[in-house]
Amino acid sequence: MKKLQYLCGLTRLTALMTQGLVMVLLTHACLNAQFLQSAKVEGGFFKELLSSSGRTYSNLPLCTYQIGEARYSAATGPLMVTWTTPSWVDQVMLVRITIANKSSDTITIHNVVPFDQDQAEVYITGRGNHRLSRTHLFRAGKVPVNIIVPDNAWELGYAAIRQRDSLILTGLVRRDDKSIVKGTRKRFETVLFPGGQVSFDLHAELVAGEWQDGLRRIFQTRKLYDLISFDENLYNRKDLGWIRKAYSMHLLMAWDKQYYNSTSGAEALLTMVRKGKLLYGGDDVVCLWPTWPTLGLDQRNQFDMYRDLPGGLSALRSLADTLRAMGTRFFVAYNPWDESTRKEGHLEGLERLIRATGADGVVLDTKGESSAELQAAADKVKPGVVMYSEGMAVPRDMPGIVAGRVHNALYYPPMLNLNKLIRPDFAIFRVAEVFKEPISREYALSLFNGYGTEINQFAPGHPDWEDEQYRFWGRTLRILREHTDAFTNEMKPLVPVDLDSLWVNQWRGIDKEIYTIYNLRPEGVSQFALPVRARKDWHYVDLWNHRPLTVRNGRVRIETSAFDYSKLGTNDEGSVGCIGHFPVLVQAVMTGNRMLLEFDPAYTGSVWKSDPSYDKQPHQVKPGLPVDLAAEFGSTDGKFVIQIHQGDRLVDEQVVEIRPGTPLLYSQVTRTVGPAAAGMIYVPGGQYYFHTTHGDDFIPYPLSEDINRVVGPFLMDRYPVTNQMFLDFLQQSHYRPVDTTNFLKHWKSGRIPKGEEKYPVVYVSLEDARAYARWAGKRLPTELEWQYAAAGGRQGDWPWIQSRPVKRVEQVVTETLTFTRLEGIDRGMCNLGDGKPRPVGSFPKGANGYGIEDLVGSIWQLTNDEYESGSYRYIMMKGGSYFKPSSSWWYVQGGPREIHYRQYLLRVSQGFERNSTVGFRCVQDVEK
């Protein structure tokens with residue numbers, strides 16, 4: 001009797017194997033709320049399976065099997081099927097099923113499945129006749145999914161049956177290869193000669209939840225009932241944890257010109273790695289292989305091959321150190337079959353090689369497992385040396401190794417790799433080759449399955465599409481690298497979606513959920529197709545396309561690109577996507593062309609122009625400090641991606657999209673606190689409902705949300721700045737503009753026309769006005785301040801109280817222009833647009849509630865607000881003017897304008913923007 005132990009969650013489970021026939025589970029603490037309690041088997045059927053809650057499952061076959069395409073149950077087939085009495089310990093039922101060939105013919109059986117797949121919600125068995133890859137996962141009404149299972153379990157059968165409640169009856173059938181009598185074992189089949197037989201172990205238990213929970217119980221918790229015990233030692237070692245964050249690897253031979261050539265020597269490898277950083281973020285690992293297929297040409301052994309590389313081991317150490325400084329680990333290869341060349345102890349030779357090169361890992365050629373001796377040899381040299389198997393470790397070998405490969409012998413890889421489910425923190429790399437054909441499917445499926453890719457460069461050749469595909473690889477790698485906490489934690493395969501040929505895996509991180517998407521619909525997908533749950537203060541983001549997502553009818557939109565139908569069935573088929581579900585940890589507020597980010601300073605923030613990529617750098621930001629988008633990126637149009645990281649872990653992403661041509665405020669306000677200047681009026685602070693209107697919108701005005709704004713107190717000039725006031729400024733400051741075109745054009749030889757001293761100054765640019773304001777210890781008002789002050793402490797269209805409604809006669813000219821003619825304003829309130837300027841103070845009846853005059857109908861008044869739309873820059877003006885052309889509606893609509901009306905002054909040069917109708921007034925800040 002042989003005792004076996006295997007891990008069940010965080011507790012131990014013990015099993016007995018009696019003469020290789022029946023595994024009986026002894027004790028464990030992972031008790032389900034409900035479990036199988038008894039069973040009655042008759043005639044090849046479970047007549048009754050009784051759960052601890054009294055639920056029953058009846059008339060289930062022990063199993064089904066196939067001969068050719070014909071399927072039989074244990075009770076109906078041409079072979080003799082016998083079974084042992086069901087055995088339990090705690091929650092797991094075990095039955096030994098023996099299938100015997102009593103005929104005179106040789107019979108091949110395959111696809112042995114527990115219970116009956118016709119009743120199963122999900123089952124796993126073979127499909128087709130591929131020599132390496134037949135295992136598929138079947139779901140009712142869905143396209144079967146080709147899957148990868150452990151190399152010692154290719155023939156397994158699995159079924160999950162749901163009946164009447166949230167419990168799932170799970171069953172796993174495994175062939176006992178040692179039980180074969182008069183027969184032959186094949187990967188997926190068993191050949192029984194006359195009188196031959198084979199036995200299968202059926203394990204069954206109840207699992208609460210969804211079918212994925214049943215699959216996780218069998219694969220992850222039970223390790224397919226294959227494990228003696230799981231020693232966590234290697235997985236708990238922090239020095240080996242780095243491999244879990246590694247996703248990109250190049251494995252190349254020593255005669256590859258990308259390692260060494262006659263012109264640049266070993267610098268060629270450094271050039272390759274530097275180029276890779278721009279294309280895909282660089283290699284996490286590079287392995288140099290100088291042995292097979294030249295090993296054995298003479299007596300040199302595998303370690304001699306490294307010693308004889310150009311410059312010897314010292315040069316190799318220098319190269320490896322340089323790679324490490326670039327963020328790339330260095331691996332060497334170990335060939336355990338090298339026994340016929342110069343004798344050198346393998347453990348000693350490997351230890352010396354690691355010591356000489358500082359190697360960070362060892363590729364174990366032909367091995368799917370490591371050993372304590374190999375790891376100990378590496379540990380003698382330094383911590384953190386990873387053993388990396390050529391094949392994928394099966395569950396019983398996983399405790400002894402933390403990384404391995406999905407071998408490229410299976411060239412067209414199945415879509416779903418359930419090895420990732422067994423141990424999510426086991427570092428898997430899919431082996432891919434670039435010389436044959438475009439391989440975007442390889443990169444897409446590595447992302448879909450949450451693991452890395454090893455580019456095996458042994459076969460020569462670099463096609464012209466290599467770099468383009470490397471960039472695609474880089475997009476997948478960025479997601480993998482930023483979400484290791486999810487991809488090494490909990491995997492939920494094939495969550496429900498509304499479309500077939502579209503598959504989604506869900507991953508749970510520390511404080512996030514990640515959905516990896518693979519699509520085989522050539523037309524692509526753009527549909528609310530992923531059922532999700534809305535969660536307060538969380539949000540969904542399309543991490544592949546970097547777009548915000550909304551939840552509609554309990555679903556989020558999946559967006560995957562289309563691909564050519566001709567690529568179906570090739571290694572370049574399909575398209576990929578990824579969705580993140582995050583707590584809202586960053587808020588982005590746009591103030592003009594400045595973006596203000598609020599987030600916890602424990603995180604690091606960055607802003608990308610358009611999608612993140614490895615060939616550009618983001619702008620690093622700190623919370624509370626505005627980012628001038630125009631200054632940092634040269635443009636304010638398009639998409640800006642805001643990312644918040646904790647170390648290398650992405651914890652939130654927000655996306656701000658600015659439609660091309662959207663005007664953004666880029667001017668700033670400099671406070672001017674000082675003694676109140678003469679002629680200024682106090683404007684108390686308060687709350688104001690800010691609403692704006694405008695004329696022709698062919699060149700778009702900035703969006704202005706109708707919203708209550710809080711405005712602080714300030715002082716404002718009673719009148720616009722006059723000619724005399726501006727002359728005083730010139731005489732005292734000696735100001736002269738850089739561009740003098742049209743500067744004070746209405747003055748004669750630098751003198752104010754007689755009698756116009758109190759007229760508002762015009763023919764000035766924004767720079768002229770700002771220069772005057774600085775000299776006077778003041779500044780220009782913002783549009784909000786101008787409008788708030790003009791309202792005089794109330795809501796209204798005009799500075800004064802308009803006793804009778806103003807009639808607005810509107811005529812729609814184009815979709816961007818509606819011409820409005822105003823009728824009904826008292827002539828004593830302002831100039832109605834007779835074309836003649838007036839001295840300031842000419843219309844005292846038009847003063848507002850604060851006593852501020854000449855707000856409308858005098859001159860267009862400059863504000864401090866400058867906007868840029870990507871194509872145009874302009875200043876916002878208020879108030880209208882004395883000039884109102886009327887022979888065409890295409891003119892700027894002058895005359896007196898409502899205080900909420902805005903008019904842009906398009907900027908070309910200072911000389912061009914100086915006008916006979918444009919002037920300004922100033923404001924001054926007060927101490928709060």
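See the structure printed just above.
A few points on the structure. (Residues numbered from 1 in each chain as written. Predicted model: local features only at pLDDT ≥ 70, side-chain atom pairs only at ≥ 80, totals over all residues. Heavy atoms only, no water.)

1. Observations concerning the overall build of the protein chain
Argument step 1. When helices and strands are tallied, the protein chain shows 16 helices and 56 strands.
Argument step 2. For 928 residues, the compact-globule formula gives about 30 Å, and the C-alpha radius of gyration of the protein chain, at 39 Å, lies well above that figure.
Argument step 3. Projected onto its principal axes, the C-alpha positions of the protein chain cover 125 × 75 × 50 Å.
Argument step 4. Intrachain contacts of the protein chain at a sequence separation of at least 6 include 68% that bridge at least 24 residues. (Helix = DSSP H or I, 4+ residues; strand = E, 2+ residues; numbered from the N terminus. Rg over C-alpha atoms; globule rule 2.2 N^0.38 Å. Contact = heavy atoms within 4.5 Å.)

2. Remarks on the side chain of Asp652
Argument step 1. Checked against the element boundaries, Asp652 lands in strand β43 (residues 649–658).
Argument step 2. It is Lys512 that comes nearest to the buried, bridge-free Asp652 among opposite-charge side chains, at 9.7 Å.
Argument step 3. A polar side-chain atom of Asp652 sits 2.9 Å from the main-chain amide nitrogen of Leu585.
Argument step 4. Within the local environment of Asp652, its side chain forms a polar contact with the backbone nitrogen of Val586, the two atoms lying 3.2 Å apart.
Argument step 5. Among residues more than four places away in sequence, those in contact with Asp652 are His539, Phe582, Pro583, Val584, Leu585, Val586, Ile642, Gln643 and Ile644. (Buried < 20%, exposed > 50% of the residue type's maximum accessible area, 1.4 Å probe, protein only. Lys, Arg positive; Asp, Glu negative; His and termini not counted. Salt bridge = Lys/Arg side-chain N within 4 Å of Asp/Glu carboxyl O. Polar contact = N/O pair within 3.5 Å; in protein donor to acceptor, adjacent residues only side chain to side chain.)

3. Let's talk about the nonpolar core
The nonpolar side chains of a soluble globular protein tend to be buried, and buried together.
Argument step 1. With 124 residues, the main nonpolar core has Phe219, Ile243 and Phe331 as its most contacted residues.
Argument step 2. Among the elements that make up this core, the one with the highest residue count is helix α3 (residues 267–280) (6 residues).
Argument step 3. For Ile243, the residues in contact, after removing those within four places along its chain, are Phe331, Val386, Val402, Ala403, Ala427 and Phe429.
Argument step 4. Counting residues in each nonpolar core, the second largest holds 36 residues, with Tyr65, Ile107, Phe138 and Leu169 among its members. (Core = buried A, V, L, I, M, F, W, Y, C linked by side-chain atoms within 4.5 Å.)

4. Quick look at the packing of aromatic side chains
Argument step 1. Within this structure, the stated rule accounts for 35 aromatic pairs.
Argument step 2. Measuring from centroid to centroid gives 5.5 Å for Phe729 and Tyr772, while their planes differ by 80°, and the two rings are edge-to-face. With a gap of 43 residues between them, Phe729 in helix α13 (residues 723–733) and Tyr772 in helix α14 (residues 766–775) connect regions that are remote in the sequence. Grouping residues by exposure puts Phe729 and Tyr772 together as buried. (Phe/Tyr/Trp six-rings, centres within 6.5 Å; stacked < 30°, edge-to-face > 60°.)

5. As for the pairing of strand β15 (residues 135–139)
Argument step 1. Counting buried residues along β15, 5 of its 5 residues qualify, which places the element largely inside the surrounding structure.
Argument step 2. Side chains Thr135, Leu137 and Arg139 project from β15 onto one buried face, and the interleaved His136 and Phe138 project onto a second face that is buried too.
Argument step 3. Bridge analysis of β15 against strand β16 (residues 145–148) gives 2 bridges, and the strand direction is antiparallel. Residue Leu137 lies in a different strand from β16, and its bridge partner there is Val145.
Argument step 4. What sits between β15 and β16 in their antiparallel hairpin is a turn of 5 residues, with Gly141 showing a positive phi close to 75°. (Pairing = 2+ DSSP bridges.)

6. Some points on helix α7 (residues 372–379)
Argument step 1. For α7, every residue scored as buried is listed here: Leu374, Gln375, Ala377 and Ala378. What you see down the axis of α7 is that its buried residues fit within an arc of 155°, all on one side.
Argument step 2. Those residues of α7 hidden inside the fold are in contact with α2 (233–236), β22 (329–334), α6 (346–357), β23 (361–364) and β24 (386–389). (Arc of directions from axis to C-beta.)

7. Section: the side chain of Arg441
Argument step 1. Structurally, Arg441 can be placed in helix α9 (residues 440–448).
Argument step 2. Within the local environment of Arg441, its side chain forms a polar contact with the side chain of Glu573, the two groups lying 3.0 Å apart.
Argument step 3. In contact with Arg441, other than residues within four places in its own chain, are Tyr412, Pro413, Met415, Tyr518, Thr570, Asn571, Asp572 and Glu573.

8. Side note on the packing of α6 against α7
Argument step 1. Packing of α6 against α7 brings their axes to within 8 Å, and their N-to-C directions diverge by 35°. Between α6 and α7 lies a crossing whose hand is right-handed. Taking contact as the criterion, the partners of Leu347, Leu350, Glu351 and Ile354 in α6 are, on α7, Glu373, Leu374, Ala377 and Ala378. (Axes fitted to C-alpha atoms, helices over the stretch in contact; angles between N-to-C directions. Left-handed = near helix turned anticlockwise from the far one by under 90°.)

9. Some words on the pattern of salt bridges
Argument step 1. Under the counting rule described, the total for this entry stands at 69 salt bridges.
Argument step 2. One salt bridge connects Asp304 with Arg342, and the closest N-O pair in it is separated by 2.9 Å. Placement of the pair is Asp304 in helix α4 (residues 302–307) and Arg342 in the loop between β22 and α6, with a sequence separation of 38 residues.
Argument step 3. Of the residues examined, Arg342 reaches a relative accessible area of 40% and is grouped as partly exposed.
Argument step 4. Glu913 is paired through a salt bridge with Arg907; the nearest N and O atoms lie 2.7 Å apart. The burial state of Glu913 is the same as that of Arg907; both residues are buried.

10. Details of the sheet that holds strand β30 (residues 502–508)
Argument step 1. Taken in spatial order, the 6 strands of this open sheet run β29-β30-β31-β36-β33-β34, and their pairing is antiparallel. Sheet topology places β29 (490–492) and β34 (547–549) at the edges, where each strand pairs with a single neighbour. Between one strand axis and the next, the sheet turns by 25° as a mean value, whatever way the strands run.
Argument step 2. Note that β30 and strand β31 (residues 513–519) share 7 bridges and pair antiparallel. When the sheet's bridge partners are listed, Leu502 is paired in β31 with Asn519.

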